[in-house]
Amino acid sequence: QKEVEQNSGPLSVPEGAIASLNCTYSDRGSQSFFWYRQYSGKSPELIMSIYSNGDKEDGRFTAQLNKASQYVSLLIRDSQPSDSATYLCAVNSGNTPLVFGKGTRLSVIA
Amino acid sequence: EAEVAQSPRYKITEKSQAVAFWCDPISGHATLYWYRQILGQGPELLVQFQDESVVDDSQLPKDRFSAERLKGVDSTLKIQPAELGDSAMYLCASSLPDWSGYTFGSGTRLTVV
């Protein structure tokens, strides 16, 4: 059974701080890694994808991947109240469907 | 911007009744997925289609759930009979073969009473 683990939170950070969200996965054959943001009552929205070890930056978001440790993270710099949402980590290998974690609730306090 | 269309947006039904959800993926997306998301949990795959063929329905409760994509475009997910435990968000997503991530529709929030 392929598993994706996330701390459910809530993770509370002050406005302007860096939020760090973490995810581990069980399948060593995993090849593609995604972060989705989900506002309450809404559907998930893709914000980052990463496929190779290292960092990938897009605006205020940085995804980090370490395949040896089976670990992927998302950093949000200069956090804003509008970043308050649940962040879902998703993983797949080859052409298999995405397996999602349970999500981490982030609360950015103004 | 291209979107995955889903309807209805909300559905309230009594247990033991039948309910159906509809999804129209982004044009050109051959792969279509139905996921179920229970409140406080991550989405869980119900069924995956490649064109009109089912690729993976191993987690679909086939005694009450059915899914079809007859012409390889839009899809319908049906539950009959609905049970209280089926209350959840039903999400449809589509993707290109390059696996650059799914695009989700707005979802159908089902409440079984």
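Anything mentioned here points back to the structure above.
Because the structure is a prediction, the values reported are computed rather than measured.

A. Examining the sheet that holds strand S7 (residues 61-66) of chain A more closely. Residue and element names in this part refer to chain A. The strand order across the open sheet formed by 5 strands is S1-S3-S8-S7-S6, and the pairing between neighbours is antiparallel. Strands with a single pairing partner mark the edges of an open sheet, and in this sheet they are strand S1 (4-5) and strand S6 (54-58). In this structure, S6 lies alongside S7, joined through 5 bridges in antiparallel fashion. Note that in S7 the partner of Glu 57 across the bridge is Thr 62.

B. Seen up close, the pattern of salt bridges. Residue and element names in this part refer to chain B. Following the criterion strictly, the structure yields 8 salt bridges over all chains and no others. Two residues, Lys 62 and Asp 57, come together in a salt bridge whose shortest N-O distance is 3.7 Å. Each of Arg 36, Arg 64, Glu 83 and Asp 86 takes part in salt bridges that share partners, so that together they form one network.

C. Representation of the interface of chain B and chain A within the structure. Contacts between chain B and chain A engage 20 residues on the former and 19 residues on the latter. Between chain B and chain A the total buried area reaches about 1400 Å² when both faces are included, carbon and sulfur atoms providing 55% of it. On inspection of chain B and its partner chain A, the count reaches 0 salt bridges. For the side of chain B that touches chain A, the secondary structure elements donating two or more residues are strand S4 (31-37), strand S5 (44-50) and strand S9 (88-95) of chain B. Taken together, the residues of the side of chain B that touches chain A break down into 9 nonpolar, 9 polar and 2 charged.

Criteria and cut-off values
Along each chain, residues carry numbers from 1 onward, in the same order as the chain's sequence is written. Labels follow written order: the first chain is A, the first ligand is 1, and so on. Totals for whole chains, interfaces and linings use every residue, but because this is a predicted model, local features are given only for residues with pLDDT of at least 70 and side-chain atom pairs only at 80 or more, for both listing and counting. Side-chain measures here rest on the full set of heavy atoms in the structure, leaving out hydrogens and waters. Note on pairing: two strands pair once DSSP finds at least 2 bridges between them. Helix and strand assignments come from DSSP, with helices taken as H or I runs of at least 4 residues and strands as E runs of at least 2, each series counted from the N terminus. Note on definitions: salt bridges are taken to be side-chain nitrogens of Lys or Arg within 4 Å of carboxyl oxygens of Asp or Glu. In this analysis, two residues are considered to be in contact whenever any of their non-hydrogen atoms come within 4.5 Å of each other. By convention, the term buried area covers the 1.4 Å-probe accessible surface removed from two parts as they join, with the contributions of both added. Amino acids are sorted into nonpolar (Ala, Val, Leu, Ile, Met, Phe, Trp, Tyr, Cys and Pro), charged (Asp, Glu, Lys and Arg) and polar (every other residue, Gly among them).

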